[in-house]
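Letter by letter, the chains look like this.
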Amino acid sequence: MLRALFGFEIRYHFRQLTFRIAVLLFLGLGLSGVHGNFGGSDVYANGPYVITYIISVLSLFSIFVSTLFCANVVLRDTTHGVDAVLFTTAVKRFHYFSVRFLGLVLAVLLILCASIVGMLAGTLFTDSSHLGVFDPVYFIQPLLVFGIPNILFVCSIIFCTAVLTRDVRATYAAGVLLYILYMTSAVLGNSAFFATSALKTNTSGLLPLLSDPFGLSIFFGDTRSWSVIQRNQQVFPFGGTLLLNRLLWTACSCFLLVISYRYFVFRLQVAGKTTRPG
C-alpha cells in the first residue's frame, strides 16, 4: 500500500501546473546561471565553484516552491471535501504522514535538479575556453551537501506548520517569514552570504556559521579567498564547521518532523468534534 500511495502522490505533483512552471523556472535559472560570471571571468562555467554557488543559492529559494506545494499536499483533502472518505479507508496515520512529506521533498528536489539540467544545457552554448573538464562529482557533491539538507529543513518547517494549523494562510506566512527572517539575520549577523561581510570560518565566531540553516555563510566565507585554480578544480570540502552545520540542521529537521507527527491529528474534524481516530 505504501508504494501505491507514494506513486499516487508523485503523479499528483507531476500533474500540477505549479510543478511544471517551477521546473521551467529552475531550468531557466540553471541555464542562465552558468553565464552569470560567478567568481570572475577566468572561472570555468562548469567548475565546482560555479555549480556549488548556483545549487546552494537556489536551494534557498526552494522555500517558495515548498510553500506552494505544501499548501496543496496537506490541505487538498479538506479543500476538495474528500477528507471524510479518506479517514474511512485503510490508510494509516504513519503512511499518510510519511507519504505526503516524502512526496513533497521529492517534488522539490526534482525542481532543484531541473536547475542542474539547465546548467548542463547551458554549457552547450558556452565557449570552450570558459569550460573545464566535466566531472559528475561537481554536481552530485553540492546537491548532497547543500541541496538535500536545505530542502529537508525547509520542507519540515512548512510541512509542520501546515499539518498542525491546517490553514493555508499560516502555511504561506511560514514560508514568507522563513525567508525574511533568514535574510534579516544574515544582514544583521554580517553573514558571508553578502559581499560586504568579512566573516570567515577560521575566526572565533563560529556561532553565526553554525546558526546558518542553509550553510551559505560557510561556503561564501571560505571560498572568498580561493584562487582561480581552486575555484576551477577544488570541490568544497565537507568537514569541520560545514559538517557540524549540516548535522545540526538535519537533526533540527528530524526533530520538527517528530513533533509534527506527535501532534498530527489524523481524524475528521467537524464543528469542534472529532470522528474516528486513525
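Quick note: structure is the one above.
Cut-off values and rules
- Residues numbered from 1 in each chain as written.
- Predicted model: local features only at pLDDT ≥ 70, side-chain atom pairs only at ≥ 80, totals over all residues.
- Heavy atoms only, no water.
- Helix = DSSP H or I, 4+ residues; strand = E, 2+ residues; numbered from the N terminus.
- Buried < 20%, exposed > 50% of the residue type's maximum accessible area, 1.4 Å probe, protein only.
- Contact = heavy atoms within 4.5 Å.
- Phe/Tyr/Trp six-rings, centres within 6.5 Å; stacked < 30°, edge-to-face > 60°.
- Salt bridge = Lys/Arg side-chain N within 4 Å of Asp/Glu carboxyl O.
- Lys, Arg positive; Asp, Glu negative; His and termini not counted.
- Core = buried A, V, L, I, M, F, W, Y, C linked by side-chain atoms within 4.5 Å.
- Expected span 1.5 Å × (residues − 1).
- Arc of directions from axis to C-beta.

Asker: Just checking my understanding: could you explain the overall build of the protein for this structure?
Answerer: In terms of helices and strands, the protein carries 12 helices and 2 strands. When burial is assessed residue by residue, the protein has 46% of its 278 residues classed as buried. Within the protein, contacts between residues at least 6 apart in sequence are counted, and of these 79% link residues at least 24 apart.

Asker: What exactly am I supposed to notice about the packing of aromatic side chains here?
Answerer: Within a pair of aromatic rings, the relevant descriptors are the distance that separates the centres and the angle that separates the planes. Under the defined criterion, the tally for this structure stands at 24 aromatic pairs. When the centroid spacing of 5.3 Å and the interplanar angle of 75° are considered together, the rings of Phe153 and Trp249 count as edge-to-face. Separated by 96 residues along the polypeptide, Phe153 in helix H7 (residues 137–165) and Trp249 in helix H12 (residues 240–263) bring together distant segments of the chain. Take Phe153: its relative accessible area is 5%, and that puts it in the buried class. Given a relative accessible area of 18%, Trp249 falls into the buried group.

Asker: I would appreciate a short explanation of the environment of Leu242 in the present structure.
Answerer: Among the structural elements, Leu242 can be located in helix H12. Exposure remark for Leu242: the relative accessible area of 2% places this residue in the buried category. Here the alpha-carbon distance between Leu242 and Ile218, two residues 24 residues apart in the chain, equals 6.6 Å. With near-sequence residues (within four places) excluded, Leu242 lies in contact with Val145, Phe146, Ile218, Phe236 and Pro237.

Asker: I would appreciate a short explanation of unusual backbone geometry in the present structure.
Answerer: Note: most residues except glycine have negative phi, and most peptide bonds are trans. At Asn37, a position not held by glycine, the phi torsion is positive, near 60°. Secondary-structure assignment places Asn37 in the loop between helix H2 (17–33) and helix H3 (48–60). Even without a glycine there, the phi angle at Arg166 is positive, about 50°. Mapped onto the fold, Arg166 is located in the loop between H7 and helix H8 (168–188).

Asker: Can you walk me through the pattern of salt bridges in this structure?
Answerer: A side chain of one charge can pair with a side chain of the opposite charge if their charged atoms are brought near each other. Applying the stated criterion across every chain, the model contains 2 salt bridges. Between Glu9 and Arg100 there is a salt bridge; the shortest N-O distance is 3.2 Å. Remark: Arg100 occurs in helix H6 (residues 93–123) and Glu9 occurs in helix H1 (residues 2–15); sequence separation between them is 91 residues. What makes Glu9 buried here is its relative accessible area of 2%.

Asker: Teacher, can you tell me more about the side chain of Arg231 here?
Answerer: Structurally, Arg231 can be placed in helix H11 (residues 228–233). No salt bridge is formed by the buried Arg231; its nearest oppositely charged neighbour, Asp42, is found at 10 Å. Ignoring sequence-local partners within four residues, the contact set of Arg231 consists of Gly39, Val43, Gly47, Pro48, Tyr49, Thr223, Arg224 and Trp226.

Asker: Is there a simple way to think about the nonpolar core in this case?
Answerer: In summary, soluble globular proteins display a tendency toward joint burial of nonpolar side chains. Ranked by size, the top nonpolar core spans 66 residues in total, and within it Phe69, Val74, Leu104, Met119, Phe159 and Phe214 carry the most contacts. Of all the secondary structure elements, the ones that give two or more residues to this core are H2, H3, helix H4 (62–79), H6, H7, H8, helix H10 (216–223) and H12. Among the elements that make up this core, the one with the highest residue count is H7 (15 residues). In contact with Phe159, not counting residues within four places along its chain, are Cys70, Val73, Val74, Phe97, Arg100, Phe101 and Leu104.

Asker: Is there a simple way to explain H8 in this structure?
Answerer: Count 3.6 residues to each turn of an α-helix, and residues three or four apart come out pointing the same way. Given a rise of 1.5 Å per residue, 21 residues ought to cover 30 Å, and the 30 Å separating the end C-alpha atoms of H8 matches this to within 8%. Turning to H8, its buried residues number three or more, namely Thr171, Ala174, Gly175, Leu178, Tyr182, Met183 and Ala186. The buried residues of H8 occupy an angular sector of 145° when the element is viewed end-on, so they sit on one face. Of the exposed residues in H8, the ones pointing more than 90 degrees away from its buried face are Arg169, Leu181, Val187 and Leu188.

Everything listed is a geometric property; what it means functionally is a separate question.
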